[in-house]
Amino acid sequence: MRRRMLMCALLVAVSLPAVQVGAAGASLPAAFVHDQVWVIPRIGGRELRFFTDTGGGWNAISRAQVEALGLTIIDQDGGADGAVALIDFPVFDAGHELPTPPKYFMDGRLLVVDASKIPRSDGLLGGRWFADGIWEFDYPRQKLRRLRSAAGRVDPADRLTLGFQVDASGRRSTHFPSMRITVDGEDLDMLIDSGATATLTKVSGAVFGLPAGTDIGTSFIEHEVFERWHQRHPDWRVLDRADRKSSQERRMIEVPRITVAGHSVGPVWFAEQPSGAFQKYMATMMDRPTWGALGGSALKYFCVVIDYAAAAAWFHHPAAE
């Protein structure tokens, strides 16, 4: 959920068949930076950096890169939001490819946006890029793979059932996966969000040992739960003015342990979100209201396999072996 879609019309799923990916079962050109996951394909030897965001709604590329690469822009009627610029999903260099997204969102194309919409990246790949696939996010080994099958790579004991919003016909809409974790004895529904981001301030940068302005993978929690944790556990570390969001600087809390698929891991940092950010706003795009998002600050402990078609995820904790 690093950046939300600007055009509501593009949130509507179109009933078109999905494309089979030729790179299934292969490792992707990826980099894990500050608990965030980037893919780094090449076109004509030129390296591109796409931010991956399972909690993001759109697939996009910067106009500057489109122009530099000489890619053909397709203008398409965007409905109430006017015309939008798209490109066909690029043909990448051999050995540096990315799987193509399903066709039912923007016909598998990329939205062309100004660089200001996706700062510090060349593009963004959201939930509809991951949709229908089987993905292995191996945070400890810093590998991202598209799998043909989860069989043989997962332990049934690590399995969690995922929830997805569907429309009246039973088709999935946004492809945002919900799941349940336990914190302080309380079950909480959460979004799996590889793109959950905190932008460090001087205060938090000193704690993380990184310069102010650095983006890191974090997890999100709504104000109500943040306050409950803070009141019950005054010893849990809280940083004021820790996550810069536009003109705001929000708090962050360090939770000693959380439980995911029976595994207790921690510490995990959560950035405070306004009341209703998930219970109301994100609830319109998910199968249920959630209290926040599980991002890199928690996912970093796991090798996570997400099978979108099977609505299941497996959280393997290598340190528990």
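Relevant structure appears above.
Rules of the game
Residues numbered from 1 in each chain as written. Predicted model: local features only at pLDDT ≥ 70, side-chain atom pairs only at ≥ 80, totals over all residues. Heavy atoms only, no water. Phe/Tyr/Trp six-rings, centres within 6.5 Å; stacked < 30°, edge-to-face > 60°. Buried < 20%, exposed > 50% of the residue type's maximum accessible area, 1.4 Å probe, protein only. Helix = DSSP H or I, 4+ residues; strand = E, 2+ residues; numbered from the N terminus. Core = buried A, V, L, I, M, F, W, Y, C linked by side-chain atoms within 4.5 Å. Contact = heavy atoms within 4.5 Å. Pairing = 2+ DSSP bridges. Axes fitted to C-alpha atoms, helices over the stretch in contact; angles between N-to-C directions. Polar contact = N/O pair within 3.5 Å; in protein donor to acceptor, adjacent residues only side chain to side chain. Salt bridge = Lys/Arg side-chain N within 4 Å of Asp/Glu carboxyl O.

On inspection of all chains with the given rule, the structure shows 14 aromatic pairs. Centre to centre, the rings of F89 and F92 are 5.7 Å apart; their planes meet at 80 degrees, and the pair counts as edge-to-face. The pair F89 / F92 is uniform in exposure class, with both members buried. Consider the rings of W129 and F130, whose centres lie 5.0 Å apart with planes at 70 degrees: the pair is edge-to-face. Feature note: the residues F32, W129, F130, W135, F137 and Y139 constitute an aromatic cluster, connected by ring pairs.

Looking at the element boundaries, H34 is found in the loop between β1 (30-33) and β2 (36-39). Measuring from C-alpha to C-alpha, the distance between H34 and L210 comes to 9.7 Å, with 176 residues separating the pair along the chain.

The next point concerns the nonpolar core. Note on soluble globular proteins: their nonpolar side chains tend to be buried together. With 57 residues, the main nonpolar core has W229, I258, V260 and F315 as its most contacted residues. Setting aside its immediate chain neighbours within four residues, W229 contacts V183, L188, I221, W236, I253, V255 and F270.

Let us look at the sheet that holds strand β13 (residues 159-161). The strand order β12-β11-β25-β26-β13 describes an open sheet built from five strands, whose pairing is antiparallel. Bordering the open sheet on either side are β12 (143-147) and β13, each of which pairs with just one other strand. Taken pair by pair, the neighbouring strands of this sheet meet at an average axis angle of 15 degrees, ignoring direction. Where strand β11 (residues 134-138) lies against β12, five bridges are found, and the strand directions are antiparallel. Opposite I134, over in β12, you have L147 as the bridge partner.

Here H175 is to be found in the loop between β13 and β14 (178-183). A distance of 3.1 Å separates the side chain of H175 from the side chain of Y104, its partner in a polar contact. Once residues lying within four places of it in the same chain are set aside, the contact partners of H175 are T54, Y104, G127, R128, A131, D132, F164 and Y308.

Under the counting rule described, the total for this entry stands at 21 salt bridges. Put simply, D107 and R109 hold a salt bridge, and the shortest N to O gap is 4.0 Å. Its relative accessible area of 28% is what places D107 among the partly exposed residues. Since its relative accessible area comes to 17%, R109 is described here as buried. Put simply, R288 and D189 hold a salt bridge, and the shortest N to O gap is 3.2 Å. With R288 in the loop between α5 (277-281) and β24 (292-294) and D189 in strand β15 (residues 186-192), this pair connects stretches of sequence that are 99 residues apart. For R288, a relative accessible area of 23% gives the class partly exposed. In this structure D189 comes out as buried when scored by relative accessible area, which is 13%. Salt bridges sharing partners connect three or more residues here, namely E136, D138, R141, R145 and R153.

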